[in-house]
Amino acid sequence: MKIIWAIYAIIYDALCHLLSYQELLQRARVALQEENDTTSHVLDAGCGTGNFTKEYLDRCKNKNVSVECIDASPSMLRRAINKLRAYTNVHCARVDLNQPLPYPDAQFDNIVCLNALYATEDPIKVLGEFSRVLKFGGKLVLANPTKEARVRDVFVEHIKMNLKKGWAGVPIMMKGILYSPIFLLIFLINFLWIKRLGAKRLYHFLDNKELSELLKQAHFRVLRTEHAYGGTDVFIVASKMLVSNDKFDNPLVCEIAQGANDMAALYRLRYTAYCEEMGSLDPSQYPEKQESDKYDEFSTHVIVRCGDEIIGILRLIRDSTHGFLMEECFVLPDSIDRSRTVEHSRGIIKKEHRDRGIYTVLLRGAYLWQREHGFITSIGAPRVDKLSLILLQMGWETIGEPSAYHNVVVVPMAFTLHKEAQNKAP
Ligand SMILES: C[S@@+](CC[C@H](N)C(=O)[O-])C[C@H]1O[C@@H](n2cnc3c(N)ncnc32)[C@H](O)[C@@H]1O
């Protein structure tokens, strides 16, 4: 089979002239950029001739991003290395996805795997490896051909997209005509070889449901599924979650909040807790019944979900020009390394779930995220009640005197993660 990838490599880049292929690359790039992270270490798994990585790096010029490009085919990889020669933030390596990946756990912020999973021997094993090397809350962007995929649809979509461009599409159409013998060859390779191996189940063409199920088994939450590449691919964006008490039908799942729906749900939960239950914030300030503030922009939100419902939340605030929220009330000791510290804030568990140990699950998620991102110190100002006592029992220390804040008494506390986490850069 190696020989086929070697032949395919010679003509593969003709695909770059197809609008449907360009759209697939752009869609994957946009999915990675959604969270607007300024730093990201990405794995491009089954990178082929490096087209996705080039698209990604060209659009992330001012960001601190780097890409590890891996492929099993030396011919594909050679072309990727040539194409990406000018970039200093790329490393290409020959890696077989059928083998355990040669990287430590939680090495990557995001993984992209476009039309390569189907060619591996055991997709669930590969997804398990992706899950291992991805950080908690990291994204996996996956495109994989479906069982019904008809190669001609890629070309049909190209023509449709081209026609929509009107006169601007003429040069693209001319190129298409020029490249038509190569397109015919690509069509034949897919039709005669890839489809056949799919029919023999040596290649894994999976529909949306099958792929989503495999992702769930590998501890990913599917954020969304779409069709792409002329409808021949299922396109999935998923994030790595932490599953607690796996044995129950409806396990608790700990995740990092992603996207507008998660944010709206957690802001609503905060409104209910702070404005309606505790009365510590003025409801009239939040007419949309969602409580948020200036620190959210600089925060990561850990959530616990039971089924589809978010039942627990905890915000981790990073230092910024606003400082930390608790500094509105306390002066932090100089010994705190601000760049490696997050403040635990707005820890809330839905009323009807308050006795299920959900806070412990939230803390596990928070510590895991902190360890993987190098935030070794946690600070917080819990109310002087059950929560501060729980934190004391868990090894947190008080770092100042209690003080009144929004008609409750709070106490400043801190906790430092184990020594081994201290070597990781933020
Ligand atoms: C259809 S190409 C897709 C390339 C690229 N992701 C893109 O979208 O342009 C499939 C790629 O998967 C690679 N591949 C197939 N099996 C692989 C394996 N076991 N390990 C690593 N790469 C593999 C092939 O060499 C090929 O480059």
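Residues numbered from 1 in each chain as written. Predicted model: local features only at pLDDT ≥ 70, side-chain atom pairs only at ≥ 80, totals over all residues. Heavy atoms only, no water.

**A few points about the packing of helix 2 (residues 19-33) against helix 3 (residues 51-59)**
Orientation of helix 2 relative to helix 3, taken along the N-to-C sense of each, is 55°, at an axis distance of 9 Å. Classified by the interaxial angle, the pair formed by helix 2 and helix 3 is oblique. Between helix 2 and helix 3 lies a crossing of right-handed hand. Between helix 2 and helix 3, the residues in contact are Tyr21, Leu25, Gln26, Ala28, Arg29, Leu32 and Gln33 and Asn51, Phe52, Glu55, Tyr56 and Arg59, respectively. For the contact of helix 2 with helix 3, the per-class residue count stands at six nonpolar, three polar and three charged. (Axes fitted to C-alpha atoms, helices over the stretch in contact; angles between N-to-C directions. Helix = DSSP H or I, 4+ residues; strand = E, 2+ residues; numbered from the N terminus. Parallel < 35°, antiparallel > 145°, perpendicular 65-115°, else oblique. Left-handed = near helix turned anticlockwise from the far one by under 90°. Contact = heavy atoms within 4.5 Å. Nonpolar A, V, L, I, M, F, W, Y, C, P; charged D, E, K, R; others polar.)

**Let's talk about helix 11 (residues 358-373)**
Helix length check: helix 11, at 16 residues, gives a terminal C-alpha distance of 23 Å against a target of 22 Å (1.5 Å per residue), a fit within 8%. Most of helix 11 sits inside the fold, with twelve of its 16 residues counted as buried. One or two residues past the end of helix 11 sits Gly374, with phi positive at roughly 80°. (Expected span 1.5 Å × (residues − 1). Buried < 20%, exposed > 50% of the residue type's maximum accessible area, 1.4 Å probe, protein only.)

**Topic: unusual backbone geometry**
For Tyr229, which is not glycine, the phi torsion reads 55° and is therefore positive. Following the sequence through the fold, Tyr229 ends up in the loop between strand 6 (220-228) and strand 7 (233-240). We classify Tyr229 as buried; its relative accessible area is 10%. Positive phi, normally seen in glycine, also occurs at Lys289, with a value near 60°. Take Lys289: its relative accessible area is 46%, and that puts it in the partly exposed class.

**Side note on the sheet that holds strand 12 (residues 341-349)**
With mixed pairing, the eight strands of this open sheet are ordered in space as 8-9-10-11-12-13-17-14. The open sheet has two edge strands with one neighbour each: strand 8 (242-243) and strand 14 (397-398). Alignment of strand 9 (residues 252-256) against strand 10 (residues 299-306), held across five bridges, turns out to be antiparallel. From the neighbouring strand, Val253 faces strand 10, where its bridge partner is Arg305. Running at roughly 90° to strand 11 (residues 309-318), helix 10 (residues 259-277) makes contact with strand 10, strand 11 and strand 12 of the sheet. (Pairing = 2+ DSSP bridges.)

**What to know about the layout of surface pockets**
What the largest pocket holds in volume is close to 1,500 Å³. Lining the largest pocket are 48 residues, and of these Glu35, Asp37, Thr300, Arg318 and Trp369 lie nearest its centre. Of all the secondary-structure elements, those providing two or more residues to the lining of the largest pocket are strand 1 (39-45), strand 4 (108-114), strand 5 (134-145), strand 6, helix 10, strand 10 and helix 11. Considering each element in turn, the lining of the largest pocket owes the most residues, five residues, to strand 5. When its residues are assigned to classes, the lining of the largest pocket shows 13 nonpolar, 18 polar and 17 charged. (1 Å grid on protein atoms, 1.4 Å probe; cavity = no way out; pocket = protein on both sides within 12 Å on 5 of 7 lines; lining within 4 Å. Points joined across faces, edges and corners; volume = space filled by probe spheres on them.)

**What about the site of the ligand?**
Around the ligand there are 19 residues in total, and Tyr21, Gly46, Asp71, Leu97 and Leu114 lie nearest to it. Leu97 has a polar backbone atom sitting 2.8 Å from a nitrogen atom of the ligand. With the chains in place, 96% of the 590 Å² that the ligand exposes on its own is no longer accessible. When grouped by side-chain class, the residues that make up the shell around the ligand number twelve nonpolar, five polar and two charged. (Near = heavy atom within 4 Å. Polar contact = N/O pair within 3.5 Å; in protein donor to acceptor, adjacent residues only side chain to side chain. Areas by Shrake-Rupley, 256 points an atom, 1.4 Å probe, with all protein chains shown as cover.)

**Quick word on the domain arrangement of the protein chain**
Segmenting the protein chain into domains produces domain 1 (2-240) and domain 2 (252-423). For domain 1 and domain 2, the distance between their C-alpha centroids amounts to 37 Å. Both faces combined, the contact of domain 1 with domain 2 buries some 950 Å², and carbon together with sulfur accounts for 52% of it. By the criterion of area lost to domain 2, the three top residues of domain 1 are Lys135, Phe136 and Arg221, representing 64% of everything that side buries. The interface formed by domain 1 and domain 2 contains two salt bridges. The partner of Arg221 in a salt bridge is Glu255, with the nearest N and O atoms 2.4 Å apart. Taken together, the connections running from domain 1 to domain 2 amount to four residue pairs in polar contact (both at pLDDT 80 or more). (Domains from an automatic or database assignment. Buried area = accessible area lost by both parts, 1.4 Å probe. Salt bridge = Lys/Arg side-chain N within 4 Å of Asp/Glu carboxyl O.)

**Focus on the pattern of salt bridges**
In the structure shown here, the tally under the stated rule is 26 salt bridges. Glu291 serves as the salt-bridge partner of Arg270, at 2.9 Å between the closest nitrogen and oxygen. Of this pair, Arg270 sits in helix 10 while Glu291 is found in the loop between helix 10 and strand 10, placing the two residues 21 residues apart along the sequence. Taken as a pair, Arg270 and Glu291 share a single burial class, namely buried. Within this structure, Arg270, Glu291, Asp293, Asp296, Arg315 and Arg346 form a network of salt bridges that share partners.

**Looking at empty space enclosed by the protein**
Applying the stated criterion to the full structure yields one cavity of 30 Å³ or more. Reported here for the largest cavity is a volume of approximately 70 Å³. In terms of lining residues, the largest cavity is bounded by ten residues, among which Leu32, Gln33, Asp37, Ser40 and Tyr56 are the most central. Considered class by class, the residues forming the lining of the largest cavity number four nonpolar, four polar and two charged.

**Brief notes about the state of the cysteines**
Inspection of the entire model under this criterion finds zero disulfides. There is no disulfide at Cys47, and the cysteine sulfur nearest it, in Cys69, is 4.5 Å away. Considering cysteine sulfurs only, Cys47 is the nearest to Cys113, which forms no disulfide, with 10 Å between them. (Disulfide = S-S within 2.5 Å.)

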